[in-house]
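# Close look at the chain arrangement
Listed here are the chains, written in short residue letters.
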Amino acid sequence: MTVQYDLIVLGAGPVGENVADAATAAGLTCVVVESELVGGDCSFWACVPSKALLRPPSARDAARRVDGAKQAVSGPLDVAAVLARRDSFVSDWDDSGSLPWLESVGIDLVRGHGRITGERRVEVTTADGETVVLEANHAVAVCTGSAARVPNIPGLADAQAWTSRDATSVQNVPASLAILGGGVVAAEMATAFVALGSAVTVIARSGLLAGLEDFAGEAVGKRLRSDGATILGDSPVSVNRTGSGKVSIELDSGDTVTAAELLVATGRTPRTTDIGLESIGLTPGDWLSVDDSLRVDGVDWLYAVGDVNSRVLLTHQGKYQGRAAGRAIAARVSAPKTQAEPWGDLAASADHERVPFVIFSEPQVASVGLTAEAAAGAGYRTRVVDYDLGAVSGAGLHADGYEGFARMVVDEDRGVVIGVTFVGADVAELLHAATIAVVGEVPLTRLWHAVPAFPTMSEIWLRLLETYRAGE
Ligand SMILES: Cc1cc2nc3c(=O)[nH]c(=O)nc-3n(C[C@H](O)[C@H](O)[C@H](O)COP(=O)(O)OP(=O)(O)OC[C@H]3O[C@@H](n4cnc5c(N)ncnc54)[C@H](O)[C@@H]3O)c2cc1C
Ligand SMILES: NC(=O)c1ccc[n+]([C@@H]2O[C@H](COP(=O)([O-])OP(=O)(O)OC[C@H]3O[C@@H](n4cnc5c(N)ncnc54)[C@H](O)[C@@H]3O)[C@@H](O)[C@H]2O)c1
């Protein structure tokens, strides 16, 4: 039997849920197909459990930075309680809590592995081996996300190395952990496992957090080292799980790192290898290339939203794409030639140069838009304004001896901010003001009148603007 819907969504991660929600709200009938847990990687193996692991040490550190409070938190972390709290945030890897919402908004769910078998057709293989055939009246949205990319290093495939899934779902904290990679997962998981008591070695051939402002990786590296982690700039040559059960990683320097576990944090690969792309002339295993309405290039009924299109590998940005895609699909039901105008409801325009993100390391890194280097590389005529975040009264009150840094990148031709990076304890909540300034293209002359309350860390804005004006 073939079941018909206006829209079929492959993958019920945060992004698939948002595509379906937006399309359903616009009057379409919609089904989501999910092979694992409704809520996706983000809810069960990525954002949520990683932040659940990072929050207890962060809360402890916040108290320890304030005299009078620090005396109250002198003991070690209760690791079992940290893991139990993480377990509660992932509902012990049970997605039944997500189902009432789907039902309440009228989205059907088919559990199983979905594959495209032709134009607007999807076949789902259920856990008991049955096949459900779905046909879309209008569109199919691929929201299958990404998986950890394991590089081709001799011995690595047989070394039972961890990916981020193993790290975020850890039940027994290893005595030692080697981490391959120096990106976001490496920075966050190094922070978490140092706090949980592992001896951590980060093997970061390009340094920590390359591609961000240099002071971000420097500050995170400084803190990790002071907490006992080792950070190496070498490349791995081979990996071997030894007879003792430990993993040894031979480096190009000739040194060898040995640890109880190895976490591979070397980027992501699209989950498109087994979704039937070959049936419609596309290549399995490729990222899906899309326009700003998230429609796949050259296939007018196919959309690819979230990680799988590689535009931005972040939940909030994927959900934003999902809202645009769901609306675009619905709009094209009655008007197939509908264009997605830049900054309109149907386009994910902010994906270009306006993306905010937070790295929940210690210290935190919060950033939006372009770095100074990227802005110059993109041809902007820029002025870079730096300020010591620790010199702001609100920061001093927030924590004794607060150390932090802020950078604002200004497009001199338009007089607007195009990039902001904050590094310091608890800077995450400073970020949205920066995002509004960057996305809203608020002129610096008007931003001057956005008065930050005293004594908050947001006074960093006043200091950045004063510094900018002093250089005029
Ligand atoms: C360790 C880690 C921490 C992270 N932390 C953050 C963070 O703090 N903030 C942030 O913004 N981003 C974070 N990210 C990134 C974030 O997890 C992703 O950007 C987000 O999960 C992408 O959502 P998605 O819906 O595209 O994919 P996913 O969340 O991966 O969901 C895809 C869904 O599709 C399903 N699926 C796949 N193939 C099929 C198929 N053939 N049939 C049926 N179902 C299928 C999968 O089972 C899955 O449920 C983190 C990533 C990692 C690895
Ligand atoms: N807080 C957050 O928002 C958050 C947290 C975690 C992950 N994420 C998302 O997940 C994505 C994936 O994170 P990630 O850290 O896996 O990727 P990444 O792209 O941030 O970093 C990959 C790292 O692996 C290194 N690398 C790649 N190949 C290698 C090899 N063969 N040998 C040695 N090193 C190698 C790179 O030099 C780099 O340091 C990020 O792009 C980010 O968008 C977001």
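Residues numbered from 1 in each chain as written. Chains lettered and ligands numbered in written order. Predicted model: local features only at pLDDT ≥ 70, side-chain atom pairs only at ≥ 80, totals over all residues. Heavy atoms only, no water.

## Side note on the site of ligand 1
As a structural note, the neighbourhood of ligand 1 is formed by 32 residues, with Glu34, Lys51, Gly114, Asp307 and Thr315 the closest of them. A distance of 2.6 Å is found between an oxygen atom of ligand 1 and a side-chain nitrogen or oxygen belonging to Glu34. In this structure, Thr315 approaches ligand 1 through a main-chain N or O atom, which is 2.9 Å from an oxygen atom. Protein chains bury 93% of the 990 Å² of accessible surface belonging to ligand 1 in isolation. Taken together, the residues that form the shell around ligand 1 break down as eleven nonpolar, 14 polar and seven charged. (Near = heavy atom within 4 Å. Polar contact = N/O pair within 3.5 Å; in protein donor to acceptor, adjacent residues only side chain to side chain. Areas by Shrake-Rupley, 256 points an atom, 1.4 Å probe, with all protein chains shown as cover. Nonpolar A, V, L, I, M, F, W, Y, C, P; charged D, E, K, R; others polar.)

## Let's talk about the site of ligand 2
By nearness alone, 20 residues border ligand 2, and Arg149, Gly182, Glu188, Leu313 and Val358 come closest of all. One nitrogen or oxygen atom from the main chain of Gly182 is found 2.8 Å from an oxygen atom belonging to ligand 2. For ligand 2, whose unbound accessible area comes to 850 Å², protein coverage reaches 76%. The class makeup of the residues in the shell around ligand 2 is nine nonpolar, six polar and five charged.

## Observations concerning the sheet that holds strand β17 (residues 356-359)
Pairing is antiparallel in the open sheet, where five strands are placed in the order β17-β18-β21-β20-β19. With one partner strand each, in any of the chains shown, β17 and β19 (382-388) form the two edges of the open sheet. This sheet shows a mean twist of 10° between the axes of neighbouring strands, independent of strand direction. In this structure, strand β20 (residues 404-411) lies alongside strand β21 (residues 416-424), joined through eight bridges in antiparallel fashion. Among the inter-strand pairings, Ala406 is bridged to a residue of β21, identified as Phe422. In the packing of helix α8 (residues 214-226) onto the sheet, the strands contacted are β18 (364-369), β20 and β21, and the crossing angle to β21 comes to about 10°. (Pairing = 2+ DSSP bridges. Helix = DSSP H or I, 4+ residues; strand = E, 2+ residues; numbered from the N terminus. Axes fitted to C-alpha atoms, helices over the stretch in contact; angles between N-to-C directions. Contact = heavy atoms within 4.5 Å.)

## A short note on the UniProt feature "binding site: FAD" (unreviewed entry) in the chain
As recorded in UniProt, the sites labelled "binding site: FAD" (unreviewed entry) are Lys51, Gly114, Thr144, Gly145, Ser146 and Asp307. These annotated residues cover 257 residues of sequence, and their C-alpha atoms reach 29.9 Å apart at the extremes, leaving them scattered rather than at a single site. Relative to the helices and strands, Lys51 resides in helix α3 (residues 47-64). Excluding residues within four positions of it along the chain, Lys51 makes contact with Glu188 and Phe360. Looking at Lys51, its side chain comes within polar contact range of the side chain of Ser50, at 3.0 Å. Mapped onto the elements of the fold, Gly114 is located in strand β4 (residues 113-118). By relative accessible area, Gly114 is classed as buried at 8%. Apart from the residues lying within four places of it in its own chain, the contact partners of Gly114 are Leu10, Val33, Val122, Glu123, Val124, Asp274 and Ile275. (UniProt positions renumbered as here; feature names shortened; annotations may be inferred. Buried < 20%, exposed > 50% of the residue type's maximum accessible area, 1.4 Å probe, protein only.)

## Remarks on helix α14 (residues 460-470)
For α14, the full list of buried residues reads Ile460, Trp461, Leu464, Leu465 and Tyr468. Angularly, the buried residues of α14 cover 130° about the axis, an arc narrow enough to put them on a single face. Contacts from the buried residues of α14 go to β19, β20, β21, α12 (431-439) and α13 (444-447). (Arc of directions from axis to C-beta.)

## Side note on the sheet that holds strand β13 (residues 256-259)
Judged by pairing direction, the sheet is antiparallel, and its three strands sit side by side in the order β11-β12-β13 without closing on themselves. The outermost strands of the open sheet, each flanked by one partner alone, are β11 (236-241) and β13. Adjacent strand axes in the sheet meet at a mean angle of 15°, parallel and antiparallel pairs treated alike. Bridge count for strand β12 (residues 247-251) against β13 is four bridges, and the pairing is antiparallel. Among the inter-strand pairings, Ser248 is bridged to a residue of β13, identified as Thr258.

## A closer look at the environment of Ser310
Mapping Ser310 onto the fold places it in the loop between β16 (302-304) and α9 (315-334). The spacing of Ser310 and Thr269 is 41 residues in sequence and 9.0 Å in space, taken between C-alpha atoms.

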